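# A structural walkthrough
Residues per chain, in single letters:
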Amino acid sequence: MELKRGNTWVYGLLLGVWLLVVAWQVEEHARIEAAAKNDLRNRSWEIADTLSAEVRALSIREVVFQNRLQPVLNELVSRTNQYVPSTGVLSIALLNTAGEPLVTAGNPNLIPADVLSEGEHWTSQDVTFVNPVWGASINTENTSNAPVVLPFFPEMTNGMRRGEADNDRHFPPPEDMNLSNRPAMSANAQIGPPPPPDDNRPHGNGPRRPPWMRWMDEDQFKALAARRELHGLVLAMSTENLRAVSTDDLYLRAVIIFFAGISALGVGLAWRNLSKTSELQIRLVRASELNTHLKEMNLAAAGLAHETRNPLNIIRGMAQMMSKSDAPSGVREKARAIVDETDKVTAQLNEFINYSRPREVRRTKIALNSAVAEVVHALDYDIAEKKIRVESRVEKVFIEADEQLLRQALFNLLLNAVQAVGENGQIQFTAQRNGAEAALEIRDDGPGVRPEQRDEIFKPYFTTHQKGTGLGLAVVQQIVQAHGWEIQCMGNEPKGAVFRISHLKLAGN
């Protein structure tokens, strides 16, 4: 009970350690996945910073034209997908304060409908980052530093007067600009060069109208700037690298968990085998002590049986003298009965002593057919008395065996068959070769042995004959096991029994 309780604690500890390894690997996988996501975030911020620098370079008086910004976005999408396709930009859009796209490149279907707030939107194939540009947040109302993205108007280049300086250029309003509702311009709005900049004008009120846009007053320009002011950047990036890193790491963690489980299972099995070995050692020690005790008891019983035979022989001799004397007939009959019973007890004592004797095998080269013939000759009287026909189909086969023990085993088997068959019965010896081994069978046509008794019949004192002692076949099994052979009891169709001794080692020439 204590050993089993200890095993339960050990198995529980191993399970706990394995679960800790599983939790550790799950946490590590989450950390690796988070690090890969952070790499994508950092890359999106780098792209946002780069794009902000490009916008600054392209802006004139905080105004940048869409036709100059569009190639920059197209090239950014093309280059990132060409050199780093696993984390490339799939789509990009510049947003105004209302979250409407001003300039787009790539696949516009990847941009979510609602991108008014900063953040990220993850899908199975891509991720969308919403980042601020120009140092301002998307949700802020501060527009002091945000540039205005204007569409390209071809009328601007057509309306330039040759020889004018940049500050003196005059662009008429484009045809697609709806200025019908604009307020009335002042008389000096389109006359002469632009006024010099007012250095005392406070900053932070948004971009000022460029001098080359004289066809639009300040209010109109501010209304346009409110719609075209750049505030947000939307990047749709591929998550192929993230998925590859996550899959590889997940496979690695699964391998670690698997081998950790195998290790825990191996330790558990080793502990189980160790526990069983310890338990078996304890049982072996107890069995050894019991075996030693049984050997001592066996020797004592064998000695007692041997010493009992001498008084029995004296009693038998005196009973024989009385049966042959001039005593009354009743006395002579009782004396003969004493002789018969004494013979029975003596026979049982002889078989017990024979069974208790240790089997020391001295192997020699023996002709199996000769050994069978000698045993049959030894039982000629019993065979002839019951008119039994004994047939030997054993060819001249030489085996390695102890001659005396082999003859005793064959004698007991033949005697068992003679006792089993009736008058005019039949007994047959056959032998077959099987490579370097041979097998011997003794068949009879007696009543046979029931299937449930075929294993019990070799146990001591188990017998199916009224006059049997139950030690004859037990002695046969002792001799067979001492030689390393095997013996089986089988049925013989249509009736009878078959005793088969297998694994008889053939002797060399």
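Let me begin by describing the structure that accompanies this report. (Residues numbered from 1 in each chain as written. Predicted model: local features only at pLDDT ≥ 70, side-chain atom pairs only at ≥ 80, totals over all residues. Heavy atoms only, no water.)

### Here's the deal with helix H7 (residues 368–378)
Turning to H7, its buried residues are Leu368, Ala371, Val372, Val375 and Val376. Down the axis of H7, the sector holding all buried residues measures 135°, keeping them to one side. Set apart from the buried face of H7 by more than 90 degrees, the exposed residues are His377 and Ala378. (Buried < 20%, exposed > 50% of the residue type's maximum accessible area, 1.4 Å probe, protein only. Helix = DSSP H or I, 4+ residues; strand = E, 2+ residues; numbered from the N terminus. Arc of directions from axis to C-beta.)

### Digging into the environment of valine 361
Inspection of the secondary structure assignment puts valine 361 in the loop between helix H6 (329–356) and strand E8 (364–367). Valine 361 gets classed as partly exposed once you look at its relative accessible area, which sits at 25%. Considered as a pair, valine 361 and alanine 482 are 121 residues apart in the sequence and their alpha carbons are 6.8 Å apart. If sequence neighbours within four positions are ignored, valine 361 has contacts with Asp402, Leu405, Ala482 and His483. (Contact = heavy atoms within 4.5 Å.)

### Looking at the environment of asparagine 492
Within the secondary structure layout, asparagine 492 lies in the loop between strand E13 (486–491) and strand E14 (497–505). By relative accessible area, asparagine 492 is classed as buried at 15%. Considered as a pair, asparagine 492 and aspartate 445 are 47 residues apart in the sequence and their alpha carbons are 7.4 Å apart. Ignoring anything within four residues of it in the chain, the contact list for asparagine 492 reads Arg443, Asp444, Ala497 and Val498.

### Topic: the packing of aromatic side chains
Counted by the stated rule, this structure contains three aromatic pairs. Their ring planes at 80° and their centres at 6.0 Å tell us that tryptophan 122 and phenylalanine 129 sit as a pair that is edge-to-face. Assessed through its relative accessible area of 28%, tryptophan 122 is described here as partly exposed. Residue classification places phenylalanine 129 among the buried residues on the basis of a relative accessible area of 2%. Here phenylalanine 258 and phenylalanine 259 contribute two aromatic rings whose centre-to-centre distance is 5.4 Å and whose plane-to-plane angle is 75°, an arrangement assigned as edge-to-face. The side chain of lysine 37 reaches across the aromatic face of tryptophan 122, ending 4.9 Å from its centre. The ring centre of phenylalanine 398 lies 4.8 Å from the NZ or CZ of lysine 365, which sits over that ring. (Phe/Tyr/Trp six-rings, centres within 6.5 Å; stacked < 30°, edge-to-face > 60°. Lys NZ or Arg CZ within 6 Å of the ring centre and 35° of its normal.)

### Observations regarding the nonpolar core
Ranked by internal contacts, the top residues of the largest apolar core, which has 44 residues, are Leu406, Ile427, Phe429 and Leu440. Those elements that place two or more of their residues in this core are H7, strand E10 (398–401), helix H9 (403–420), strand E11 (426–434), strand E12 (437–444), helix H10 (472–483), E13 and E14. Among the elements that line this core, the one with the most residues is H9, at eight residues. Beyond its immediate chain neighbours, meaning those up to four positions away, leucine 406 contacts Ile366, Leu368, Ala371, Ile399, Ala401 and Trp485. (Core = buried A, V, L, I, M, F, W, Y, C linked by side-chain atoms within 4.5 Å.)

### Structural notes on the pattern of salt bridges
According to the stated counting rule, one finds 11 salt bridges in the structure shown. Residue arginine 31 is joined to glutamate 28 by a salt bridge in which the shortest nitrogen-to-oxygen separation is 2.8 Å. Of this pair, arginine 31 and glutamate 28 are both found in helix H1 (residues 2–58), three residues apart, which corresponds to roughly one turn of the helix. Its relative accessible area of 17% is what places glutamate 28 among the buried residues. Taking the shortest distance from any N to any O, the salt bridge between glutamate 279 and arginine 283 comes out at 2.9 Å. Note that glutamate 279 and arginine 283 are positioned in helix H5 (residues 240–324) at a spacing of four residues, about one turn of the helix. Overall, the relative accessible area of 34% leaves glutamate 279 in the partly exposed class. Through salt bridges with shared partners, one network takes in Glu374, Glu403 and Arg407. (Salt bridge = Lys/Arg side-chain N within 4 Å of Asp/Glu carboxyl O.)

Without other data, these values stay purely geometric and don't point to any function.
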